[in-house]
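# Per-entry structural report
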Amino acid sequence: AFLKNYLFDDYFCEISGYRKDELIGITFRIEETDKKTFFTFYKEVRTAIQRGIIWRGEIGNRHKNGNLYWISTVIVPILDSGSNKIKLIILSLST
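Residues numbered from 1 in each chain as written. Predicted model: local features only at pLDDT ≥ 70, side-chain atom pairs only at ≥ 80, totals over all residues. Heavy atoms only, no water.

### Observations concerning the nonpolar core
The condition is simple: To form a nonpolar core, buried Ala, Val, Leu, Ile, Met, Phe, Trp, Tyr and Cys residues must be joined to one another through side-chain atoms within 4.5 Å. Each residue gets one of three labels from its accessible area relative to the maximum for its type: buried under 20%, exposed over 50%, partly exposed in between, using a 1.4 Å probe on protein chains only. Every helix listed is a DSSP run of H or I at least four residues long, and every strand listed is a run of E at least two residues long, numbered separately from the N terminus.
By size, the foremost hydrophobic cluster in this structure holds 16 residues, and its most contacted members are Phe12, Leu23, Val45 and Trp55. Looking at this core, the elements with two or more residues in it are helix H1 (10-16), helix H3 (38-50), strand E3 (55-62) and strand E4 (68-79). Per-element accounting of this core gives the leading share, four residues, to H3.

As structure tokens, this is what we get:
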């Protein structure tokens, strides 16, 4: 599974090792997920998003130099009046 990122702050650039111009349109692969199997993690996140529930957890990702880093993440699904997902807001903090 992949997460596409569109807006970044300076802190995310610092923890990921990428410049903002390198991040536009980049796709990040989730490397580690709080000691859960990837399938279980992905199913949990997908189910929460589909139900309009806010998901919170830790996600491991790779720095540009290859080192693993962890981010505490909150995924907020934004739904229309028919409960259809319009977009996601993903907030992350380094752990």
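### Section: the side chain of Ser16
As a reminder, the rule being used: Side-chain atoms alone can form a polar contact between residues adjacent in sequence; in general such a contact is a pair of N or O atoms within 3.5 Å, and within protein one must be able to donate a hydrogen while the other accepts it. A contact between two residues is defined here by any heavy atoms of the two lying within 4.5 Å.
Looking at the secondary structure, you find Ser16 in helix H1. Overall, the relative accessible area of 0% leaves Ser16 in the buried class. Within the structure, the side chain of Ser16 is placed 2.9 Å from the backbone oxygen of Phe12, a separation counted as a polar contact. Here Ser16 is in contact with Leu23, His63, Lys64 and Tyr69, once residues within four sequence places are set aside.

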